[in-house]
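Structural features, examined
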Amino acid sequence: MSHTREGIKSSAALGRYGHVTEQSREAKSESVVCELTRSKMDESHDKANLGACQTPERSCRAFGGIAEALRSVANSDSWSLQGVYLHTAPLLTVEDQKASPGLASRPDSPTQDCGRDEVKRCADDIQKDEEEKETFQLKFESKFIQSSVPLYQEYWLKCMRADLQKVQHKRLADFVKSQCIAGLPSPPSSSLTSVPSPPGLHVSSYALWQELPEVKKKRLLHSLTASHVRLQEAMFELIVSETSYQKSLQVAVGLFQGSTALRNTLSPVQNHVLFSNLKDVCRVSEGFLLDLEARLGQNVVMSRVGDIVLNHRSAFRRVYVPYVTNMMYQEALISKLLQDNKKFVIAVKKLEKDPVCQRQTIKSFLVLPFQRITRLRLILENILKRTDEHSTDVTNLKEAIEAVREIVVECDTNVQRMKRTEELVSLEKVVDFGNVKSIPLIISGRYLIRAGALKKLTVKSNYTSGSTVSRTDIYLHLFNDLLLLSVKNGQRFSVQDHAMFPAQVRVEELKTQMLGLPSDAFLLRLTQNQLKTATAVILAAQTRLEKETWVQLLSSQKSTAGNTNTDLLNNKDNCHTLY
């Protein structure tokens, strides 16, 4: 803990800023609001986000206010932690998402919501950050675990390796599902590489319950059954891992967030986005750990821990949901800073060389809360597995596991909502309706399912030369409630037609060989387009798989019109008027 305290001392230098007067606070808030409201996406960001608009897997979010200010840096979709790539979507397995359908619309979600008050909230948070520079102190020291406990990064990587070994004969995809780490960030890569501790710094093996002095003194290993010892070890892992997590959080807050040099390279908005509510996360972790150690202090043979988790679930939700939700902006910002802000790079590299970091990067510290909330559920499940089914703690453990799962579900829901809305904002900037009836793209609940280029086929026939098929490019944007057909001009899309989906969209398979069309062609019908008339167009994909994907998506939630081609055959000469 000595290194941590040295890092904390550096934050005391912040005291030279003095006390903030009410007038200076108001002026600072007003300047932050102005900065937020004036922030716009520059031209380079429009180009960067164009790819996101065209790729369904990549999406972002913007609800105005702080999101508008941050949109220029929200162009990254993965974390990289020492070879472990943490992708941002989705956090959960399909089963988890289905299990909590109501979380998507929870009105009391602690994440930043859509509304005019968001700018003010962000300004208040930044003001709070300024005020806490002098008041925040890290004071936790474990009563039971020695200071040699590793940073959480090492603990987490060791756990991941152990889990990978358990499933070495299984598919990695199955393992990812069991970990619930697919989202705002995770599937772990198959090659996990840890940054070793620097020379001269020995990190002892992780503490075990059976190594506690009181356990040895009472010779409990001789009086308890093997299964009971395994249960105690499982519960003790909750304490050890939380201690390791707290140790890393203290480095993140005390060394990085508390650094005056680092703060001076950032604007107030950037500083807030980079560290978010990390201090609150640290406080909640400390309170949780104090309660766990208090339980251990009452009786070294613990009978239950589920109730402690339940007592802290509200605090967990209050701090973890907004932090994880912010991570997509956080990662994009730090990537941009590392690329464009030389002063930031110099300050970060200097801090990362501090022995207390143990050669870990700032990114590895910022991803800690996500790693912890997803790992917590696995630890609780292991405890439940080793708990006697008649124990009074079984009910609490099951409720605690469900509570943590719901928090992760809510994080995933908010991240996906953010990404989807951001994608709509980016797309709206490059879509031109021209002479076509324009419609707003940014609507609550709307999101992009798939976007891509196809070929529009026009069949022309005459009685002398026979039929000819001409091809032109057409671009489809399929939303959950809308279909746009556009022509791509450079970096922009000129809308040619649109229809509500799925009510006004039909697809049909074609007898391509009989009609003299490519095998990957299909018919797209709009029963009512933007002119309120029925129309149709023959489209062709590049591959059979691409065709099947489009047909399946365009047919979803609505049965297709079948495989009838009679009207095409009877009106083959007029196919050129279909679109």
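Below is a summary of the structure that appears in this document. (Residues numbered from 1 in each chain as written. Predicted model: local features only at pLDDT ≥ 70, side-chain atom pairs only at ≥ 80, totals over all residues. Heavy atoms only, no water.)

Here's the deal with the environment of Leu 515
In this fold, Leu 515 is placed in helix 21 (residues 512-515). C-alpha of Leu 515 to C-alpha of Ser 467: the two residues are 48 residues apart in sequence and 9.4 Å apart in space. (Helix = DSSP H or I, 4+ residues; strand = E, 2+ residues; numbered from the N terminus.)

Some points on the packing of helix 16 (residues 313-340) against helix 20 (residues 393-428)
It is the contact of helix 16 with helix 20, at a shortest axis distance of 9 Å, that shows an interaxial angle of 30 degrees. In terms of axis orientation, helix 16 runs roughly parallel to helix 20. Once helix 16 is placed against helix 20, the crossing between them reads as right-handed. Packed against helix 16, whose contacting residues are Arg 313, Phe 316, Arg 317, Tyr 320, Val 321, Val 324, Thr 325, Met 328 and Tyr 329, the element helix 20 presents Ala 403, Ile 407, Glu 410, Cys 411, Asn 414, Val 415, Met 418, Lys 419 and Glu 422 at the interface. (Axes fitted to C-alpha atoms, helices over the stretch in contact; angles between N-to-C directions. Parallel < 35°, antiparallel > 145°, perpendicular 65-115°, else oblique. Left-handed = near helix turned anticlockwise from the far one by under 90°. Contact = heavy atoms within 4.5 Å.)

Overview of the pattern of salt bridges
This structure, assessed with the given rule, holds 16 salt bridges. For Arg 372, the salt bridge is made with Glu 242, and the minimal N-O distance between the two is 2.7 Å. Of this pair, Arg 372 sits in helix 19 (residues 368-386) while Glu 242 sits in helix 11 (residues 226-257); the two residues are 130 residues apart in sequence, bridging distant segments of the chain. Each member of the pair, Arg 372 as well as Glu 242, is classed as buried. Taking the shortest distance from any N to any O, the salt bridge between Lys 547 and Glu 509 comes out at 3.0 Å. Here Glu 509 lies in strand 8 (residues 505-509) and Lys 547 lies in helix 22 (residues 544-555), a separation of 38 residues in the sequence. (Salt bridge = Lys/Arg side-chain N within 4 Å of Asp/Glu carboxyl O. Buried < 20%, exposed > 50% of the residue type's maximum accessible area, 1.4 Å probe, protein only.)

Observations regarding the packing of aromatic side chains
Per the counting criterion, the structure on display carries six aromatic pairs. Seen from their ring centres, Phe 256 and Phe 365 are 5.4 Å apart, and the 45 degrees between their planes marks the pair as tilted. Placement of the pair is Phe 256 in helix 11 and Phe 365 in helix 18 (residues 362-366), with a sequence separation of 109 residues. Like Phe 365, Phe 256 is buried. Through pairs of rings, three or more aromatic residues link up here, namely Tyr 152, Tyr 155 and Tyr 245. The positively charged end of Arg 420 is found above the aromatic ring belonging to Tyr 447, 3.8 Å away from the centroid. (Phe/Tyr/Trp six-rings, centres within 6.5 Å; stacked < 30°, edge-to-face > 60°. Lys NZ or Arg CZ within 6 Å of the ring centre and 35° of its normal.)

Some remarks on helix 11
Compared with the 46 Å implied by 1.5 Å per residue over 32 residues, the 45 Å span of helix 11 between its first and last C-alpha is a close match. Counting buried positions along helix 11 yields 27 of 32 residues, so the element is predominantly enclosed. (Expected span 1.5 Å × (residues − 1).)

Let's talk about the side chain of Ser 486
Along the chain, Ser 486 falls in strand 6 (residues 482-489). Owing to a relative accessible area of 1%, Ser 486 belongs among the buried residues under this scheme. In this view, Ser 486 contacts Ile 474, Tyr 475, Phe 493, Ser 494, Val 495 and Gln 496; residues no more than four positions away in its chain are not counted.

Some remarks on the pairing of strand 9 (residues 521-526)
It is a general feature of regular strands that their side chains alternate between the two faces of the sheet. Burial of strand 9 is extensive: five of the six residues sit out of reach of the surface. Sheet topology note: the strand 8/strand 9 ladder contains five bridges and is antiparallel. Across the sheet, the residue bridging to Glu 508 is Leu 523, located in strand 9. Both strand 9 and strand 10 (residues 535-540) contribute to a ladder of six bridges, which runs antiparallel. In the sheet register, Leu 523 faces strand 10, and the bridge partner there is Ile 538. (Pairing = 2+ DSSP bridges.)

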